[in-house]
There are 4 protein chains.
Amino acid sequence: MSRKVCVVITARPSYSRVRSVLRAIRDHAGLELQLVVAASALLNRYGATDRTIEAEGFTIDRRVFMILEGENLVTSAKSTGLGVVELATAINDLKPDVVVSIADRFETLATAIAASYLHVPLAHIQGGEVTGSIDEKVRHAITNLADLHFVASEPAAHRVVRMGERPETVHVTGCPSIDVARRALDAPPDDTDLFERFGGVGPRLELSNGYVVVLQHPVTTEYEESRANIEETLHAAREHAAPTLWFWPNVDAGSDGTSNGIRAFRERWTPDNMHFFKSLPPEDFIRLLHGAACIVGNSSAGIRECSYLGVPAVNIGGRQAGRDRGPNVIDVTYDRKEILAAMEKWQQRARPESDPLYGDGLSGARIADLLADVPLTVDKRLAY
Amino acid sequence: MSRKVCVVITARPSYSRVRSVLRAIRDHAGLELQLVVAASALLNRYGATDRTIEAEGFTIDRRVFMILEGENLVTSAKSTGLGVVELATAINDLKPDVVVSIADRFETLATAIAASYLHVPLAHIQGGEVTGSIDEKVRHAITNLADLHFVASEPAAHRVVRMGERPETVHVTGCPSIDVARRALDAPPDDTDLFERFGGVGPRLELSNGYVVVLQHPVTTEYEESRANIEETLHAAREHAAPTLWFWPNVDAGSDGTSNGIRAFRERWTPDNMHFFKSLPPEDFIRLLHGAACIVGNSSAGIRECSYLGVPAVNIGGRQAGRDRGPNVIDVTYDRKEILAAMEKWQQRARPESDPLYGDGLSGARIADLLADVPLTVDKRLAY
Amino acid sequence: MSRKVCVVITARPSYSRVRSVLRAIRDHAGLELQLVVAASALLNRYGATDRTIEAEGFTIDRRVFMILEGENLVTSAKSTGLGVVELATAINDLKPDVVVSIADRFETLATAIAASYLHVPLAHIQGGEVTGSIDEKVRHAITNLADLHFVASEPAAHRVVRMGERPETVHVTGCPSIDVARRALDAPPDDTDLFERFGGVGPRLELSNGYVVVLQHPVTTEYEESRANIEETLHAAREHAAPTLWFWPNVDAGSDGTSNGIRAFRERWTPDNMHFFKSLPPEDFIRLLHGAACIVGNSSAGIRECSYLGVPAVNIGGRQAGRDRGPNVIDVTYDRKEILAAMEKWQQRARPESDPLYGDGLSGARIADLLADVPLTVDKRLAY
Amino acid sequence: MSRKVCVVITARPSYSRVRSVLRAIRDHAGLELQLVVAASALLNRYGATDRTIEAEGFTIDRRVFMILEGENLVTSAKSTGLGVVELATAINDLKPDVVVSIADRFETLATAIAASYLHVPLAHIQGGEVTGSIDEKVRHAITNLADLHFVASEPAAHRVVRMGERPETVHVTGCPSIDVARRALDAPPDDTDLFERFGGVGPRLELSNGYVVVLQHPVTTEYEESRANIEETLHAAREHAAPTLWFWPNVDAGSDGTSNGIRAFRERWTPDNMHFFKSLPPEDFIRLLHGAACIVGNSSAGIRECSYLGVPAVNIGGRQAGRDRGPNVIDVTYDRKEILAAMEKWQQRARPESDPLYGDGLSGARIADLLADVPLTVDKRLAY
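None of these values were measured; they are calculated from a predicted model.

K.L.:
Just checking my understanding: could you explain the overall build of chain A for this structure?
P.N.:
Helix and strand counts for chain A stand at 14 helices and 13 strands. A compact globule built from 384 residues would reach a C-alpha radius of gyration of about 21 Å, and chain A, at 20 Å, matches this within 12%. Projecting the C-alpha coordinates of chain A onto the three principal axes gives extents of approximately 55 × 40 × 40 Å. A total of 384 residues make up chain A; the buried ones form 61% of that total.

This is the structure we're talking about:
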């Protein structure tokens, strides 16, 4: 009898990251995929990821609304609580053999708590990484609630074991986000028009002579500064003058500061070298990234995917502090001059080589095989 | 300006454990106590701990109802989520400088999550211990969310540091539950009548020739067996025939099996050597424990407080597995013969000596001093 | 295509009342029954009605826990809110063509709100009655949210129309609780032993020379007095000395006062003429009622079912004020002497005749036929 | 001792409507104002009404977040439930003598339920009106939960009494929204620049030769059509060519369709005669309305305030069906030609005269006096 694997997708980037896992589970003879889509993945203003998921051939078993509107610390806390209440219903209805949760956001913690109290074994993808901020606390808390760990790298595995997890439950699978990158490199070139396909706001840009991608999220513990921070990047990108493709940030406490900063900048400057997208399908995004002269911002994509892709990254501020880095990253602070200088440095240097630090592009199948084979239990005790 | 310290009490045993901390905070010139009473601590069927708290001179700032009735896995999960939603309101209203949470139950996790997302520094009492079951996961998850750690013993401190906490945030204070024991040993003997003062059900017992105390909680991961388990203990105690004082278990998934087992046994056997209490004020409980020939069950009191008190313990089943033990503990399985044999063994042996394994009885003041002095921050990163 | 009818059962008495409706819907060629069991109908301490429902051959589609423990005004309010949150999930999953809610409790209001905002037509059983207290407000609020009204009597229909409902949506079906009574009168006599079958606490009683049934609920707006009130009835029943069968009250703000009053009375007096049941299957209860010398308390059964059965009732206090009465009712206040006097009066008088005031015992089929045939819409406007 | 009056404000239009009531309560010697601001009144994308409230000199006692993001039927239902859960905390903390709720939205129902179950007397402003749709059900349900009724007009009072409310609890106070209009007519003319003060998007318009105001909300039961509907109005306004001031709609199921329709229209047509505001302070809005050549859309302002102001209204679709109308209203369907024709008709006709149908502009003081003087009770029974 096949095992029922319930994957909970709560945000656009989580979906991008695990698409290869979803495919591998769905196509595995020993597994049955149950898909719960929740939180910002259901909201129009974050790109209605649920519609993307269905368009890509997956069936959604439950939709779980759990974001309390307000975008401040109180509503973040309460959204987590609501998530536990609501996800408990979904998981209890679906009766999976194992629940899979991804990374380190509050909805992921809600998933982990619901599964734990329902005594359903919990598999966690992407534990053991070091980033600072509330995400760091949450990621390791989830590790402690999880029964199975699919980590990206050896250093991450080492940390998870040090935290007390039994080594036989910790598997270095690589990060499935790299699978998307591998697939994209393998795919034939795409000639269709980006602006026509994905809309967005701002002028149509000429991309054939190189372009920059920007992805900058608000940083939870620096709520008030979100707006000031985004303005530094906006001004740097305006001065740099290369065609620039921006992506809107995820829901999070502070996203308002970032979003409003972008809106105000557009009203004030009507920058003719910037186009703003809500989101792209994961493969299109990777292909776009692969073709970019450089990625700017504080997204993990600059450090993780771009390490594999060999794309230069300008990483701004402390959001990615602590992450292992390949040779493709230059770190800068929230300062338009520093940002601009780093962008120019990459214009002059040779493009970095691909580095397998975060995975070899085959994680999805590896994770599915493990989900089908490893013993599943909820019993746990510190391994020392 | 004094620091506002918000302590969240969610169950009778948590209150007993931290009463000395509460007193020390309230009486500290540099601290202001904010008291939130929540969950089963508000419910009549668990002894209405809130009334005890007020009777002992504390002021309750917020009462937070969060237990969804049903006593099964789904309601445990949902109660945790509700707790986050409701405690976020209380903590946000009170605006403390630090939140203190105790031990490892689902309400404690709710407290930890609410404080974390509100960016209020979180102090955790009693981390780093090893017990197995869902409590183990939850305890370590709370350690990962916490910014300050007040642990009972050196081995616990070692484990918390291994999990990645910075050593300067981990303080071996001893467990404040031992403070109660110290105070009780210091207090003058009490001659008032137990049965008159605390009611309960069952016959009045003659205690002057020795008596046994029983405290047996349901074990979360063995839901179905709760009733069978309690029956073994009931039969052993009936056969042993010594006057026996029972205490009802806490709310938890499975408590119904235990409670109903006790009720059915009473209806069937009307045992004349057993009296059943809901709860006693902590000091009375300790004094009672101190005078006991032996404690039977699966409560941590048998291992922790009784280690300091030098009271023999018959520890049943796996609930306390992994805890460090002094010489006062005999471990048995859920088997009436084994339980009875251990009780009889303690009748013949000398009473064990007091052992400071879990504290020296002065933890409360130590914790209050630390809360007043240490740096408070919510920024954290794995310390390796 | 058959219509999907979702019935939400939230308490033992609601189930008893609509069992014939459930059967008629289930057996109707044009209807498909969806059964949601919620609130106190899921709780052991109110007789685990969900197990009765399954034992009687129905399939439960969703179980919805929604009672926040605490039994005070705050938890009543919050339980209503939680009910809306949780029932919205169930109704949205089941996608019924019409939702049926019963009577006037807070869970019924939660059902009505969830259905209304989901734009699912709402049928309400038992609107238009007059009883006072919070129930009165809630009952009429539900009438305003409902699209279809199945009322017990002509006076009730008149009131619902006066409130602004279009007459063509108001159907005098009789109350389906009377169907149970009719069925019970038709059934062959039952010789099995009551005490063996249904347990309960208290001595085994000899019933062949007549007995009394007591059913007294706490009255929401007189919270503090619940305990005093129940004591009057307890003393009257003790003095009257006839074998007395008591039933525990439903969950409600104040139930604690009533329940604790009963418990304390039993401890103090160990009355030898009283036996206490949690609940009986509806038909057994009716049969028991039919054989009773009299029913005492404040349950609507004394006024409604007993009107049809021709069983004398002693109705205590204001809980049933405003209800139309047949000749079988004597009203008294919460006073042991008045209660006793009324009980004795019925001993001397002839048994009243059956009266069809609340129905003819054929409501279930009538309601099912209407659910299959009438137009279903959510559009509404005051009819004047 | 003065009575504590807790007013719950849940949306921008509710605040506008009761500002004079808030002032009168605050300034009344026998009353103490407690202000709870909740739901969309706290959200930036609906104009952050809480900041307006504070800027106008009121103190906010509690902020209650309760909108579950998603803008569909399920999230509307769940937001109502959450509102009950959260408002129960606020009302229970504040312990008011009476709670005041306004009109007919889901948050108002949540307020009414929380107050009812907490046994706090409930005063309802604006009951007894006829509008159709879910609002109609909710408005009358609130009437049934309310203990005091402050209605706008004699016909409304008549309907509330017919629904069963005791006549002595029903007071024709006029609608306090008219107070704003009276004040605005009395105030000196304002010469400051609208576009500078209130921002918004779109070109700066020349208003001195007349202008049109548009306010069109999505209609809950016609979810799918919201976008089509708004486009008719957009095209009519574009063709009419007069300077046009638009206001964004409130949060509600379907608001997305409307908002997205507006956004898409702007992208496609960049209309040079339209400017879009989020909201204006109530008096500025009324002054703007008073100077308008005509108001277009489906807001009640066109029928209520504009009746008093003598401003021509083009009322689109069924949202205001059933409301009593003065001579200033022309009704049309969602059809650009009809809309345009009505706008042109008003260009040719004389401006209508002021009509006191909905109030004389002195309701605030009248309501405050009643709140200070009338008996407060939660006991209720149908008055027939």
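K.L.:
Please clarify how the domain arrangement of chain A should be interpreted in this entry.
P.N.:
How large an interface is tends to be reported as the accessible area lost when its parts come together. Residue and element names in this part refer to chain A. According to the domain assignment, chain A contains domain 1 (3-176 + 361-373) and domain 2 (187-358). Measuring from the centre of the C-alpha atoms in domain 1 to the corresponding centre in domain 2 gives 25 Å. Counting residues at the interface gives 25 residues for domain 1, matched by 22 residues for domain 2. Among the elements of the structure, helix 1 (12-26), helix 3 (73-94) and helix 5 (133-145) are those that each provide at least two residues to the side of domain 1 that touches domain 2. Taken together, the residues of the side of domain 1 that touches domain 2 sort by class into ten nonpolar, eleven polar and four charged.

K.L.:
Can you walk me through the interface of chain C and chain B in this structure?
P.N.:
Taken together, the contact between chain C and chain B spans twelve residues of the former and twelve residues of the latter. Per-element accounting of the side of chain C that touches chain B gives the leading share, three residues, to helix 3 (residues 73-94) of chain C. Considering only residue class, the side of chain C that touches chain B consists of six nonpolar, three polar and three charged.

K.L.:
Honestly, the packing of helix 4 (residues 106-117) of chain B against helix 5 (residues 133-145) of chain B in this entry has me stumped. Any pointers?
P.N.:
Residue and element names in this part refer to chain B. Relative to each other, helix 4 and helix 5 sit at 20 degrees, their axes nearing to 10 Å. Classified by the interaxial angle, the pair formed by helix 4 and helix 5 is roughly parallel. For the element pair helix 4 and helix 5, the recorded crossing hand is left-handed. On the side of helix 4, the interface is formed by Phe106, Thr108, Leu109, Ala112, Ile113 and Ser116, while helix 5 contributes Val138, Ala141, Ile142 and Leu145. Of the residues contributing to the contact of helix 4 with helix 5, the split by class is eight nonpolar, two polar and no charged.

K.L.:
What is the right way to read the interface of chain D and chain C from this model?
P.N.:
The interface is formed by 41 residues belonging to chain D together with 42 residues belonging to chain C. Looking at the side of chain D that touches chain C, the elements that each hand over two or more residues are helix 3 (73-94), helix 4 (106-117), helix 5 (133-145) and helix 6 (154-162) of chain D. Of the residues forming the side of chain D that touches chain C, the biggest block, 13 residues, is contributed by helix 3 of chain D. Split by residue class, the side of chain D that touches chain C holds 20 nonpolar, 13 polar and eight charged.

K.L.:
Got a minute to help me understand the relation of the copies chain C and chain B in this structure?
P.N.:
Mapping between the two copies of the chain is achieved by a rotation about an axis and a shift along the axis. Between chain C and chain B, which share one sequence, the superposing operator has a rotation angle of 180 degrees and an axial displacement of 0.0 Å; the RMSD is 0.0 Å. Viewed as a symmetry operation, the transformation between the two copies matches a two-fold axis. Relative to the rotation axis, the closest C-alpha in chain C is found at Leu68(C), a distance of 2.3 Å. Mapped onto chain B, 100% of the interface residues of chain C again fall at the interface, so both copies present the same surface.

K.L.:
Explanation requested: the relation of the copies chain D and chain C in the structure shown.
P.N.:
In screw terms, the move from chain D to chain C is a rotation of 180 degrees and a rise of 0.0 Å along the axis, fitting with an RMSD of 0.1 Å. Looking at chain D, 100% of its interface residues are interface residues in chain C too, so the copies touch through the same face.

Calculation rules
Per chain, residue numbering runs from 1 following the sequence as it is written. To read the labels, note that chains go from A and ligands from 1, taken in the order they are written. Given that the model is predicted, a residue must reach a pLDDT of at least 70 before its local features are reported, and side-chain atom pairs must reach 80 or more before they are shown or counted; all residues, however, enter totals for whole chains, interfaces and linings. A run of H or I in DSSP becomes a helix once it reaches four residues, and a run of E becomes a strand once it reaches two; helices and strands are each numbered from the N terminus. For this measure, only C-alpha atoms enter the radius of gyration; the expected value for a globule follows 2.2 Å times N^0.38, where N is the number of residues. Put plainly, a residue is buried at 20 or more neighbouring C-beta atoms within 10 Å of its own, exposed at 12 or fewer, and partly exposed in between, counting only other residues' C-beta atoms, which are placed from the backbone. An automatic or database domain assignment supplies the start and end points of every domain. We call two residues in contact when the distance between their C-beta atoms, placed using the backbone, is within 7 Å. Three residue categories are used. Nonpolar comprises Ala, Val, Leu, Ile, Met, Phe, Trp, Tyr, Cys and Pro, charged comprises Asp, Glu, Lys and Arg, and polar comprises the others, including Gly. Fitted lines through C-alpha atoms give the axes, limited to the stretch in contact for helices. The angle between two N-to-C directions lies from 0 to 180 degrees. For classification purposes, angles smaller than 35 degrees are called roughly parallel, those larger than 145 roughly antiparallel, those between 65 and 115 roughly perpendicular, and all remaining angles oblique. Definitions for this section: a left-handed crossing has its near helix turned counterclockwise from the far helix by less than a right angle. A right-handed crossing has that turn clockwise. A least-squares fit on C-alpha atoms brings the copies together, and the residues used are those whose pLDDT is at least 70 in both copies.

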